[in-house]
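# Summary of structural features
Letter by letter, the chains look like this.
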Amino acid sequence: EDPSLERHFKGHKDAITSVDFSLNKKQLASGSMDSYVMIWSMKPQMRAYRFVGHKDAVMCVQFSPSGHLVASGSRDKTVRLWVPSVKGESTVFKAHTATVRSVHFSSDGQSLVTASDDKTVKVWTVHRQKFLFSLSQHINWVRCARFSPDGRLIVSASDDKTVKLWDKTSRECIHSFCEHGGFVNHVDFHPSGTCIAVAGTDNTVKVWDVRMNRLLQHYQGNAVVNSLSFHPSGNYLVTASNDSTLKILDLLEGRLMYTLHGHQGPATCVAFSRAGDLFASGGSDEQVMVWKTNFDAADYGDVMKTQKSGMSVDGIHHILVEMDCGIHLKKTKPQDSGRNHEQQEEETSLANTLEHIMGQLDVLTQTVSILEQRLTLTEDKLKECLETQQKIIQNRTS
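An unreviewed UniProt entry annotates the protein chain as POC1 centriolar protein homolog A originating from Chloroceryle aenea. In its Sequence similarities (unreviewed entry) section, the UniProt entry covering the protein chain states "Belongs to the WD repeat POC1 family."

### Regarding the overall build of the protein chain
Tallying secondary structure elements over the protein chain gives 3 helices and 28 strands in all. Within the protein chain, residue pairs in contact and separated by at least 24 positions form 45% of the contacts whose partners lie at least 6 positions apart. Taken as a whole, the protein chain presents about 19800 Å² of accessible surface, with 51% of it coming from carbon and sulfur.

### Remarks on the sheet that holds strand S5 (residues 49-51)
In a beta sheet, neighbouring strands pair by backbone hydrogen bonds and run either parallel or antiparallel. Spatial ordering of the open sheet is given by S2-S3-S4-S5, a layout of 4 strands whose pairing is antiparallel. Because the sheet does not close on itself, it has two edges, and the strands there are strand S2 (16-21) and S5. The average angle at which neighbouring strand axes cross in this sheet is 20°, direction not considered. With 3 bridges joining them, strand S4 (residues 37-41) and S5 adopt antiparallel strand pairing. Bridging from a neighbouring strand, Met 38 pairs with Arg 50 of S5.

### With respect to the UniProt feature "repeat: WD" (unreviewed entry) in the protein chain
Per the UniProt entry, the sites bearing "repeat: WD" (unreviewed entry) are residues 9-50, 51-82, 93-134, 135-176, 177-218, 225-259 and 260-292 in this numbering. Helix makes up 0% of residues 51-82 and strand 53%, whereas the separation of the span's terminal C-alpha atoms amounts to 8 Å.

### Quick notes on the sheet that holds strand S7 (residues 70-74)
The strand order S6-S7-S8-S9 describes an open sheet built from 4 strands, whose pairing is antiparallel. Strands with a single pairing partner mark the edges of an open sheet, and in this sheet they are strand S6 (58-63) and strand S9 (90-94). Sheet twist, expressed as the average angle between the axes of neighbouring strands with direction ignored, equals 20°. As defined by bridge partners, S6 adjoins S7 across 5 bridges and the pair is classed as antiparallel. By the bridge assignment, Cys 60 is partnered in S7 with Gly 73.

### Concerning unusual backbone geometry
Excluding glycine, residues mostly have negative phi values, and the peptide bonds linking residues are mostly trans. Unusually for a residue other than glycine, Gln 129 sits at a positive phi of about 50°. Tracing the backbone shows Gln 129 in the loop between strand S12 (121-125) and strand S13 (130-135). Residue classification places Gln 129 among the partly exposed positions, given a relative accessible area of 36%. Unlike most non-glycine residues, Glu 286 shows phi in positive territory, near 70°. Structurally, Glu 286 can be placed in the loop between strand S27 (278-283) and strand S28 (287-292).

### Some remarks on the pairing of strand S15 (residues 153-158)
Burial runs high along S15: 6 of the 6 residues are buried. Here S15 shows two buried faces, one formed by Leu 153, Val 155 and Ala 157 and the other by Ile 154, Ser 156 and Ser 158. The sheet contact formed by strand S14 (residues 142-147) and S15 spans 5 bridges and is antiparallel. Bridge pairing in S15 places Val 142 opposite Ser 158. Between S14 and S15, which pair antiparallel one after the other, the connecting turn spans 5 residues, and Gly 151 there sits at a positive phi close to 75°. Connecting S15 to the antiparallel partner strand S16 (residues 162-167) that follows it, the hairpin turn spans 3 residues, and Lys 161 within it adopts a positive phi of roughly 70°.

So, how was this worked out
Residues numbered from 1 in each chain as written. Predicted model: local features only at pLDDT ≥ 70, side-chain atom pairs only at ≥ 80, totals over all residues. Heavy atoms only, no water. UniProt positions renumbered as here; feature names shortened; annotations may be inferred. Helix = DSSP H or I, 4+ residues; strand = E, 2+ residues; numbered from the N terminus. Contact = heavy atoms within 4.5 Å. Areas by Shrake-Rupley, 256 points an atom, 1.4 Å probe, with all protein chains shown as cover. Pairing = 2+ DSSP bridges. Axes fitted to C-alpha atoms, helices over the stretch in contact; angles between N-to-C directions. Buried < 20%, exposed > 50% of the residue type's maximum accessible area, 1.4 Å probe, protein only.

In structure tokens, the structure reads:
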């Protein structure tokens, strides 16, 4: 079944900039250029809350992991934390000196990372509401910043055409991915934390491996990509583009699955719910739409399996997952009970063969991961040797 439009929210007076679901899917938050944060109830006939406080356009909104708070960033240079209830009380965070483009909670809900036109990325504690530190190596506006699922890394995307990967503890930039084609509008971590997806003004979506720093996948579209969101299974990616479409990409097969038309004018933002059965989109047409994912229910079973076994988007794992999903043994129908014995034997032997292949692939996967670890160790050793060499040379010359 194809994705289908489920709900339609009208109430904002200007372009939507950001959407996010609460953990329990009962609420949806949206931010808009009209300077309001709206909280919509997913229950029919329930009233929406409009939060007033920002003095200028709201650029980004996000629910905390527990759903008890909503963070928003604005062109008024402030970040606000709201309690999503009738009163709509909020506290203000001030440290940026220009528009705040992005807010994101760490998965434990303890920290907040923000990105701004003042060229910095800032990290805050949520409960003490204190500014902790700045990451300031970008040389142009920073449009987006996200914590990795384990909270150890931060990724940021800037108009200086780089995507930077930071170590939260050492506060150092570990790697810069250079996007030569254009600016980067949006970046996010894959649920496994092993790679990132980057949406660009050069009409592309790229998936980079953050351990090997290599390009894994590249999708070429027809319009600027404004926003993207990973399905919780890590198998799909939804994007929002200037040509008014939402696109769903199948990451396992590396292909476009669906193109959805709903918005009049650019689709500006998109986000999956935490369970992945819904996604929301916003557009410059002032509308917020909620879509039913409707992917094959079998995918959901796979989602849970995949998450448990911690698969990542690597070639070997691909084969595993594709074989897993792609081979369905025929289910025997009751009227087939008079089938000949040979057929059953054939199926059993096929099943056994497949199991054997899967076993072999598992071994391969483990081998590859061991090799990867060894590679990393070797790289570290090499780096040490080179550094020592540098020091010796420096000592000699001095």
